[in-house]
Amino acid sequence: MDFGPYLMLASLEGAVTAAVLALTAVGLSLVFGVMRVVNVAHGEFFMLGAVLAWWMTSLIGGHPALGFAVALIVVPVLVGLLAAAADVTILKRIAYDPERTIVATIGILYILQQVTLMTYGPDARPVEPPFNTRLALPWVEFSDGRPQLYWPWGLSTTSYKLGVIAAASVVLIGVWIVMARTRIGLVMRATQMDRDMALAFGIPVEKVYGLVFGLGAGLAAMAAVLIVPIQQAHYLMGGDPLLLSFIVVIIGGLGSLPGTVVAAILIGLSDGIISVFFSPTLAKILATLLVALVLVFRPQGLFGVRRA
Amino acid sequence: MSDTAKTAFLHGGLLALLFALQFVLPAYHHGNLARIMVLASFAIGFNVMFGYTGLLSLGHALFFAAGMYGMGLSVQILGFSPAPALIAGLIAGLVVAALVGALALRTVGVAFMIVTLMFAQAGYLTVLYFGSYTRGDEGFVIQQAQRMLWGIDLSDPANRYFAAFALFAVCLLTTLALVRSPFGKVLIAIRENEDRARMLGYDVFKYKLAAVIVSGTISAAAGAAYGLLFGYVGATFASVQYSIFPLLWVLLGGAGTVLGPFIGTLFMFYLIDLSSGITTAYMLIAGVVLVLLTLFAPQGLAGELRKRVWRGLP
C-alpha cells in the first residue's frame with residue numbers, strides 16, 4: 001500500500017479508539033468535575049463491563065446480536081449500581097476527602113480485579129460482534145491527470161467498527177443533552193459549581209454524588225461492552241483505559257466535558273497513527289511525560305479555563 | 001523515664017531484637033525477615049515524604065527502581081564491583097528524585113499524586129523500552145561472583161541477613177535523627193499547615209525538595225540493596241504495584257511514625273505470604289486492607305499506639 005491508504009487505515013483504527021476513549025474519559029471527567037475526587041478504580045469498571053458482557057452473551061446464546069443488545073443495556077446499569085454501592089458504603093464514609101479517596105479507590109481497584117481473577121479466571125475471552133461485514137474502502141488515485149477510484153488491497157474496515165463510532169457518538173450526545181437540558185443535569189452542574197450552596201438550596205448532594213459515581217462507571221462499562229467484540233475481555237484490561245482516560249481528562253482540562261471529548265479524539269487518533277508508525281511503548285512514554293508536564297506547567301489543561 | 005530515654009529504649013530494643021532473631025529463626029522466616037528489613041527501608045523512605053512532609057507520592061517505585069537499575073546495570077554492563085555499584089544506585093536515585101521533585105513540587109494535592117504516578121509510569125515504560133539492556137519484564141540475575149562485597153559473599157543467608165539488618169538500622173536511625181532535628185520539625189510544620197510555615201519565613205519549596213531527595217535516596221538505597229542481596233533485577237519492581245506497596249505498608253503501620261513502616265511491612269508481608277498459599281489472587285488482601293484502613297484506621301497501627309499509649313512516639 002501507498003502512504004495515503006495506510007494513513008487512512010490508521011486513522012480509522014484511531015477513530016474507534018477515540019470513540020471508546022471518549023466514553024470512558026467522559027465518565028472519569030464527570031466524576032472528577034462534580035465530586036472533585038479522582039477515581040483510580042475507573043479502569044476496573046471498564047474491565048468489569050467487558051467481563052460481564054462476555055458472561056451475559058454466553059448466558060443468553062442464540063443470535064450474537066440478541067445477547068449483545070441485552071448486554072449493552074443491562075451491563076452498564078449493573079456496573080453503575082455496583083459503583084453507586086461502593087460510593088455509599090466507602091466514599092461517603094470518608095467524606096470524599098481527595099487523598100483518602102485515591103487510596104480507597106486503589107483498594108477497590110485491587111478488589112474488583114482480583115475477584116474477577118478468582119471467578120472469571122486469567123484467560124482472555126472473545127465476544128462475537130452482533131454484525132460484522134467487511135467493507136472495502138476506495139482510494140483516489142490520479143492517473144493521466146484524472147482522479148480515479150480504486151480499491152487497494154487490505155484497505156478495509158468492518159461495519160461493526162463504524163457501528164462503535166456511531167454508538168459512542170449517540171451516547172455522548174445523550175450525555176450532553178442530560179447535562180445541559182434536563183433537571184437532573186442542572187442539579188449536577190449546580191453541585192459541581194458550589195457544593196455548599198447546592199446543599200443550602202435543598203439539593204440532596206450525597207444522592208447526586210452516588211448518581212454521578214454510578215453514571216461515570218456506567219459510561220466506562222458501556223465503552224467496554226462496545227469494544228469487547230474487537231478486543232477480548234481480560235481481568236487486567238483496565239490498566240490502559242485508566243491511563244489513557246487520565247491523559248485525556250488532564251489534557252482536556254479537569255472536569256470540562258467538551259475539552260475531554262476533543263482531547264479523546266486527539267489522543268485516540270494520534271495513538272492510532274503513532275502506534276502504526278512508531279513503537280507503541282515509545283508513544284506511551286511520550287504521552288505520559290506530556291501529561292505530567294501539562295499538569296506541572298498548565299494545570300488547567302490545554303483547553304480548560306483557569307479558575308480563580 | 002524521659003522521652004529521649006524511652007525513644008532510645010524502644011528503637012534500640014527493636015534493633016537488638018532483630019539482631020538476636022537471626023540466631024534462632026528457622027531458615028524460611030530468616031530469609032523472609034531479611035527481605036522484610038530491606039522492604040521496610042523502602043517504606044521508611046516513603047514515610048519521610050508521606051508521613052512527615054504530607055506529600056503523597058504514587059510513584060515511589062521510580063526511586064526504588066532507579067536504585068536497583070543504577071546498581072544492576074553498572075554491574076551488568078559496566079562490570080562494577082558491588083561497592084561502587086551501590087553508590088551508582090544511590091546517585092541514580094538522588095538525581096531522579098531531585099529532577100522529579102523539582103518538577104512535581106510545582107503542583108499540590110491531587111495533581112501532585114497524578115504527576116508522580118505519571119513519572120513512575122514513564123520510568124517503567126522506559127525500562128521496557130530499553131529491553132535490550134534491562135531484559136524488560138524477564139529481568140536479569142546478578143551472579144554470585146558479582147555479589148562479593150569486600151570479600152563477603154552476600155548470597156550467603158547469614159551475611160545477607162546481616163547486610164539487610166545494617167541497611168535497616170542505618171535507615172531507621174537516620175529517620176529517627178531526622179524527625180527529631182530542627183529540619184524534621186519544619187517538615188512536620190509543613191505537613192500540618194503549609195501556609196503558616198511559609199508565613200514563619202521558611203522556604204517551603206526548598207524543604208519539600210529536600211524531603212523528596214532524602215526520601216528518594218533512601219528508597220533507592222533499598223532498591224539497590226534488594227537487587228544485590230537477592231541477585232535479581234526486573235521491571236516488576238518499577239511497576240505501579242511497587243508504588244502502591246510502600247503506601248500500603250506505611251498506612252498499615254502508621255504514617256508519620258518511625259516504627260510504623262517496619263510494623264506495616266512485617267504484617268503485610270506475612271498476610272500476603274499466607275494468603276498466596278491459598279489463592280493466586282493475593283492482591284485481593286491488599287485491596288481489602290487498603291479500603292478498611294481508609295475507613296477505620298487512617299492512623300495505622302503505630303498511630304493508634306500513639307493515640308492511646310504514648311503521645312510522644314516519634
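The rules behind these values
- Residues numbered from 1 in each chain as written.
- Chains lettered and ligands numbered in written order.
- Predicted model: local features only at pLDDT ≥ 70, side-chain atom pairs only at ≥ 80, totals over all residues.
- Helix = DSSP H or I, 4+ residues; strand = E, 2+ residues; numbered from the N terminus.
- Rg over C-alpha atoms; globule rule 2.2 N^0.38 Å.
- Buried ≥ 20, exposed ≤ 12 C-beta atoms within 10 Å, placed from the backbone.
- Contact = placed C-beta atoms within 7 Å.
- Nonpolar A, V, L, I, M, F, W, Y, C, P; charged D, E, K, R; others polar.
- Core = buried A, V, L, I, M, F, W, Y, C linked by C-beta atoms within 7 Å.

Within chain B, the regular secondary structure consists of 14 helices and 4 strands. Computed over its C-alpha atoms, the radius of gyration of chain B comes to 19 Å, within 12% of the 20 Å expected for a compact globule of 314 residues. Along the first, second and third principal axes, the C-alpha set of chain B runs to 55 × 45 × 40 Å. Considering chain B as a whole, with its 314 residues, one finds that 52% of them fall into the buried category. Sequence-distant contacts, at least 24 apart, represent 76% of the contacts inside chain B between residues at least 6 apart.

Further remarks concern the overall build of chain A. Within chain A, the secondary structure is distributed over 11 helices and 4 strands. The C-alpha atoms of chain A give 20 Å as radius of gyration, which agrees with the globular expectation for 308 residues (19 Å, within 12%). Across its three principal directions, the C-alpha atoms of chain A cover 75 × 50 × 35 Å. Within chain A, the fraction of its 308 residues that count as buried is 44%.

Now for the interface of chain A and chain B. Tallying the contact residues gives 33 residues for chain A and 34 residues for chain B. Ranked by residue count, the leading element in the side of chain A that touches chain B is helix H4 (residues 98-119) of chain A, at 16 residues. Of the residues contributing to the side of chain A that touches chain B, the split by class is 25 nonpolar, 4 polar and 4 charged.

This next bit is on the nonpolar core. If you look at the biggest cluster of nonpolar residues, it comprises 196 residues, and the most contacted ones within it are A:Ala53, A:Ala221, A:Ala224 and B:Leu248. Apart from residues lying up to four places away in sequence, B:Leu248 is in contact with B:Met268, B:Ala286, B:Val289 and B:Leu290.

Residues and elements named next belong to chain B. With respect to the element layout, Asp-137 can be found in the loop between helix H6 (131-134) and strand E1 (140-141). For Asp-137, a count of 12 C-beta atoms within 10 Å corresponds to the exposed category. Contact partners of Asp-137, with chain neighbours within four places excluded, come to Gly-234, Ala-235 and Thr-236.

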